[in-house]
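Reading the structure
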Amino acid sequence: MKPKLTALFALLLPFTGALHAEEPASKADDPEFVRKAALKIDTYVAGWYRQQKLPVPEVTDDATFLRRAFQVGIGRAPTTEEGLFFLELEEDDKRAQLITYLMNSQGYGSHMTNWAFDLLRVVDGTGGNRPNLQPYREWVADAMYDNMPWDEFTKKVLSTRGSLWVDGQQPVGYYLRDRGMPLDNLANSMEIFLATKMECAQCHDDPFGDTERREFYELAAFTEGQGTAGYRGLRPLMNEADTPEKRGSQFNRVVNMIRYQVLDATLTGGGNGRIRLPSDYDARDGEPGEVIGARTPFGKTTRMSEKSKGGDGREKLAEWVTTKTGEQFPSAIANRMWKRVMGRGIYEPIHSYIPAKETNLPGLMNYVAQLMVEVDYDLKAFQKILMNTKTFQFVPNPNPPKVQTGDDFHGRQLTRLSAEQVWDSLITLVSGDPDKKARRQVGNEIKVRGRAVNLGGKTMEDFTKDVLALKSEGDFRKMVDEIMKGMGKGGSKKDSGSMMMEQTVSYGGNSMVRASELPSPAPRDHLLFLFGSSDRQVVEAASNEPNVGQVLTLMNGFVQKQLVNNPNAHIYKSLKGASDPAEKIRRLYVGILNRPPRDEELSWMLDEVKISGDTQEAYSNILAALVMSSEFLFLQ
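Described in the following lines is the structure provided in the data block. Note that this is a predicted model, so its numbers are computed, not measured.

A word on unusual backbone geometry. Along the chain, Glu 348 connects to Pro 349 via a cis peptide bond; the corresponding omega equals -10°. Assignment of secondary structure puts Pro 349 in the loop between helix H15 (328-342) and helix H16 (362-374). For the bond running from Ser 520 to Pro 521, omega is 0°, close enough to zero to count as cis. For Pro 521, the location among the structural elements is in the loop between helix H21 (473-487) and helix H22 (527-530). For Arg 536, which is not glycine, the phi dihedral falls at a positive 65°. Relative to the elements of secondary structure, Arg 536 occurs in the loop between H22 and helix H23 (548-556).

Applying the stated criterion across every chain, the model contains 35 salt bridges. Linking Asp 433 and Arg 76 is a salt bridge whose minimum nitrogen-to-oxygen distance equals 3.3 Å. You can see Asp 433 sitting in the loop between helix H19 (419-431) and strand S6 (447-448) and its partner Arg 76 sitting in the loop between helix H3 (62-74) and helix H4 (80-88), a full 357 residues away along the chain. Judged on exposure class, the residue Asp 433 and its partner Arg 76 are both buried. The shortest N-O distance in the salt bridge between Lys 339 and Glu 348 comes to 3.3 Å. We classify Glu 348 as buried; its relative accessible area is 15%. Among the charged side chains, a network of salt bridges with common partners joins Arg 76, Glu 82, Asp 424, Asp 433, Asp 435 and Arg 514.

Okay, helix H28 (residues 616-627) next. Helix length check: H28, at 12 residues, gives a terminal C-alpha distance of 16 Å against a target of 16 Å (1.5 Å per residue), a fit within 8%. Those residues of H28 that fall on the buried side of the exposure criterion are Ala 618, Tyr 619, Ser 620, Ile 622, Leu 623, Ala 624, Leu 626 and Val 627.

What follows concerns the nonpolar core. One recurring pattern in soluble globular proteins is that nonpolar side chains are buried together. Among the nonpolar cores identified, the biggest contains 177 residues, and Ile 258, Phe 463 and Ile 483 are the most heavily contacted of them. Contact partners of Ile 258, with chain neighbours within four places excluded, come to Leu 234, Leu 263, Phe 463, Val 467, Phe 476, Met 479, Val 480 and Ile 483.

By secondary structure assignment, the location of Pro 78 is in the loop between H3 and H4. Residue Pro 78 is classed as buried on the basis of its relative accessible area, which comes to 1%. On a C-alpha basis, the gap between Pro 78 and Asp 433 in space is 8.1 Å, while along the polypeptide they are 355 residues apart. Aside from chain neighbours lying at most four places away, what touches Pro 78 is Leu 66, Phe 70, Gly 83, Thr 428, Gly 591 and Asn 594.

Before going further, it helps to spend a moment on the packing of aromatic side chains. Pairs of aromatic rings are described using the distance from one ring centre to the other and the angle between the two planes. Across all of its chains, the model carries 17 aromatic pairs by this definition. Ring geometry for Phe 298 against Trp 320: centres 5.1 Å apart, planes inclined by 55°, an arrangement best described as tilted. Taken together, the residues span a long stretch of sequence, with Phe 298 in the loop between strand S4 (291-293) and helix H14 (313-323) and Trp 320 in helix H14 at a distance of 22 residues. With relative accessibility at 24%, the residue Phe 298 sits in the partly exposed group. Three or more aromatic residues joined by ring pairs make a cluster, and in this case those are Trp 115, Trp 139, Trp 150, Phe 153, Tyr 174, Tyr 175 and Phe 193.

For the pair H3 and H4, the least separation of the axes is 10 Å and the interaxial angle reads 135°. Relative to H4, the element H3 lies oblique. The two elements H3 and H4 meet at a crossing, and its hand is right-handed. In this structure, H3 contributes Asp 62, Ala 63, Phe 65, Leu 66 and Phe 70 to the contact, and H4 contributes Glu 82, Gly 83, Phe 86 and Leu 87. Tallied by class, the residues present in the contact of H3 with H4 amount to six nonpolar, one polar and two charged.

The rules behind each value
- Residues numbered from 1 in each chain as written.
- Predicted model: local features only at pLDDT ≥ 70, side-chain atom pairs only at ≥ 80, totals over all residues.
- Heavy atoms only, no water.
- Helix = DSSP H or I, 4+ residues; strand = E, 2+ residues; numbered from the N terminus.
- Salt bridge = Lys/Arg side-chain N within 4 Å of Asp/Glu carboxyl O.
- Buried < 20%, exposed > 50% of the residue type's maximum accessible area, 1.4 Å probe, protein only.
- Expected span 1.5 Å × (residues − 1).
- Core = buried A, V, L, I, M, F, W, Y, C linked by side-chain atoms within 4.5 Å.
- Contact = heavy atoms within 4.5 Å.
- Phe/Tyr/Trp six-rings, centres within 6.5 Å; stacked < 30°, edge-to-face > 60°.
- Axes fitted to C-alpha atoms, helices over the stretch in contact; angles between N-to-C directions.
- Parallel < 35°, antiparallel > 145°, perpendicular 65-115°, else oblique.
- Left-handed = near helix turned anticlockwise from the far one by under 90°.
- Nonpolar A, V, L, I, M, F, W, Y, C, P; charged D, E, K, R; others polar.

Dropping the structure here:
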């Protein structure tokens, strides 16, 4: 009896976590549950065909499915070895096995991290003398790798208070990212978690929606009163550090580290529950400067009194978003996941919520929202079910969608790969499976301008707690003196409990690691930026529009240097042991386009080998042609 696909992959490409048996149990681990849920989705879609009098599409071939499953599931192309294994395997359930393999791999976490970074506008820092947001970045990535339920993730992001450096409090980075812009932050929250656009209502009643300006401010009252730890006894030292004789000194650097990386990295205030209307407020339902209480604009009403400050407004907001908005919260995230897997949302645009009854296929929209609740907001389980549907496996639809406001359920539309998918596929060709490499890690060392400080083995979390407990100028001077002495000793390898200190793991822009591990946002000269990676300024700002820079970087930039002209690239190593030129060409096609060459293509490529000889140059020419092709850059 032939071994299972998962076992074969495990033998061929072992890596930590890909097939771990100790994964927390979920409904998606039950094949029968997955099968029934997928079948129910297909039943709704079949009803659409009958309603529209459309023929049911054929199921796509193995090669198209292979590429689609890898790019959708883990955001990269398969290695040559992975591709050959799947295409040559003769098992009836190999597609279901492949989906399980992908969803249990490290690559799933990386791909979801890119999605979350784009959605939440996650950046490494906010520029200038502002907090280092990398603890928050790492927390978001960990949440995706650990498959944190979406409702739990939402609550933590919206309600957490404390310090970036204290374990469990890193989600405060969501608000620190927009410090000083609480109204913009609230508008983003409504778009991210409830698919509701409200930004216009900051200044006037929304002419394109239902939100009135007063309603927006009533909602904003839940988050009003955010602050940082305050400078307290540090203020005299800050003034001293800013004097001409102290600027650039070690004293200046230490004081600024305490100020910006500890005190400013702390979020205080749980939400007052009341807010003043702006000075330019001109509607009849309020007066400029009037204090109003928090109140939700739809769903089950949640309110707070304007007569006294509360302290749990953000907790009430998080609870309302996740449990008191009816079908809207599960519908919004279900539709986002549908678009990730199927290519288009059941309703579009996905940031503008439409009740199920108003969509083109109400029964399906109702069911997927209910399914999201049934799987306990497990995004991995939900996507696994979608990928096991026949709907996901339909042949590509070459025609424009019949439904402009959503999915027409008649085959995946041709779309260009995202910048992250392009990059991750290229580095797979360069270095093989990129998910074997260590992930970025903030570390817990105390550092001043990148220089480690020895404070008796204390971590950054320990140090943060110590600083937040200081009150007087004298206490802060003692702390500054201690740090300056510690800078001369260097970092400690062990903490006070003799456990190893966590070292920082970071990657520069040109490192051969997945996009999720690179600087966020990408540098403007990086391939990711050229191919439309988000600048993290607005929600989901990525683009797949073409430009000249993309062509140039493929022709004579990164691709030529790191891949085409690199004899040590993994794709070339995969040719070793091939019996003849035809087999080498087949492996190139499977590694790059994820399919074998057609007979005519094989003939052309064999002609190239005859002209150039069975040499590296011949296969470099073939590789360059395939990577430059539209087929490499597009997903169908």
